[in-house]
Amino acid sequence: ELVLVDHPTPHVAVITLNRPDRLNAMSIDLVIELYDTLEAVGDDNGVRVIVLTGSGRAFCSGLDLKDYGIIPNIDGLQVGQIAQRSMRYYSRLISQLRRLRQPVIAAVNGPAYGGGMCLAAGCDLRFGSPTATFNATGIVNGLTSTEMGISFLLPRLIGASQSNDLLLTGRVVEADEAQRIG
């Protein structure tokens, strides 16, 4: 299983990304399973709060650039159409997080890079361990750092100036700085 669900106490669901060998990097299979899990847990009337975390030493290292998987139902599509469909799968995670009736807490237990930082920002609250680090890694890889709603969410969480700093430089933010800037 790429996504685990545990109920450690009544009314609490802990959803864990479970690819520790890949630092919980987002493959298309993990993304689809996470979306379905969020939907199922969100529909559970017994769950009052959801905690999202990662197994092993990372929260989520973003898109898995080595093993991203195969997007379903792409027969006959051109490369651009496949890329658009792929981004829809990733981006819909944030709207799914935002529409859940339960508050969602990101328990950031290590690196939250790229899409992992987006997942954390999409949650209602974020708690980071001392090993939590954040990075808008897309910009470092020559891509954009505005995926998955981060360009909308981050300025609202930490302000436009600090958001621009992180999204345009791709610098790593350690746990203490992340706490200080919000």
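Scroll up a little and you will see the structure.
Residues numbered from 1 in each chain as written. Predicted model: local features only at pLDDT ≥ 70, side-chain atom pairs only at ≥ 80, totals over all residues. Heavy atoms only, no water.

Attention now goes to the nonpolar core. Within the largest apolar cluster, 50 residues are counted, with the highest numbers of intra-cluster contacts made by Met26, Leu34, Phe59, Leu93, Leu119 and Phe134. If you tally residues by element for this core, the top one is helix H1 (residues 28-42), at eight residues. The next biggest cluster of nonpolar side chains, apart from the first, holds five residues, and it includes Val12, Val14, Val51 and Ile105. (Core = buried A, V, L, I, M, F, W, Y, C linked by side-chain atoms within 4.5 Å. Buried < 20%, exposed > 50% of the residue type's maximum accessible area, 1.4 Å probe, protein only. Helix = DSSP H or I, 4+ residues; strand = E, 2+ residues; numbered from the N terminus.)

The subject of this paragraph is helix H6 (residues 160-169). Among all positions of H6, only Ser163, Leu166 and Leu167 are buried. Down the axis of H6, the buried set is contained in an arc of 90 degrees. They therefore lie on one face. Residues of H6 that are exposed and point more than 90 degrees away from the buried face comprise Ser161 and Leu168. Phi turns positive one or two residues past the end of H6, at Gly170, with a value near 70 degrees. (Arc of directions from axis to C-beta.)

This paragraph deals with the packing of aromatic side chains. All chains considered together, the criterion is met by zero aromatic pairs. Positioned above the aromatic ring of Tyr35 is the side chain of Arg92, whose terminal nitrogen or guanidinium carbon lies 3.7 Å from the ring centre. Its end group placed over the ring of Phe152, Arg156 keeps NZ or CZ at 3.7 Å from the ring centre. (Phe/Tyr/Trp six-rings, centres within 6.5 Å; stacked < 30°, edge-to-face > 60°. Lys NZ or Arg CZ within 6 Å of the ring centre and 35° of its normal.)

This part takes up a negative patch on the surface. On the surface, a cluster of negative charge is contributed by Asp36, Glu39, Asp43 and Asp44. By the element assignment, Asp44 lies in the loop between H1 and strand E3 (49-54). (Patch = residues over 30% accessible without salt bridge, like charges linked within 9 Å, V, L, I, M, F, W, Y side chains within 5 Å. Areas by Shrake-Rupley, 256 points an atom, 1.4 Å probe, with all protein chains shown as cover. Salt bridge = Lys/Arg side-chain N within 4 Å of Asp/Glu carboxyl O. Lys, Arg positive; Asp, Glu negative; His and termini not counted. Charge placed at Lys NZ, Arg CZ, Asp CG, Glu CD.)

Let us look at helix H5 (residues 150-158). When H5 is considered as a whole, its buried residues turn out to be Ile150, Leu153, Leu154 and Ile158. End-on view of H5: buried residues confined to an arc of 100 degrees, all on one side of the axis. Looking at the packing, one finds that the buried side of H5 touches helix H2 (79-99), helix H3 (115-122), H6 and helix H7 (175-181). Gly159 occupies a position one or two residues after H5 and carries a positive phi of about 95 degrees. (Contact = heavy atoms within 4.5 Å.)

If you walk across this open sheet you meet the three strands as E5-E7-E8, and the pairing is mixed. The open sheet terminates on both sides in strands that have one partner only, identified here as strand E5 (111-113) and strand E8 (173-174). Where E5 meets strand E7 (residues 133-135), three bridges bridge the pair, whose relative direction is parallel. Within E7, the position partnered with Pro111 by the bridge is Thr133. The sheet contacts of H3 involve E5 and E7, and relative to E5 the element is tilted by about 100 degrees. (Pairing = 2+ DSSP bridges. Axes fitted to C-alpha atoms, helices over the stretch in contact; angles between N-to-C directions.)

Let us now look at the sheet that holds strand E6 (residues 125-128). Ordered in space as E1-E2-E3-E4-E6, the five strands form an open sheet in which the pairing is mixed. Of all the strands in the sheet, just strand E1 (3-6) and E6 have a single pairing partner and so form its edges. Neighbour to neighbour, the strand axes of the sheet diverge by 20 degrees on average, direction disregarded. Pairing geometry for strand E4 (residues 104-108) and E6, over four bridges, is parallel. Across the sheet, Ala107 pairs through a bridge with Phe127, a residue of E6.

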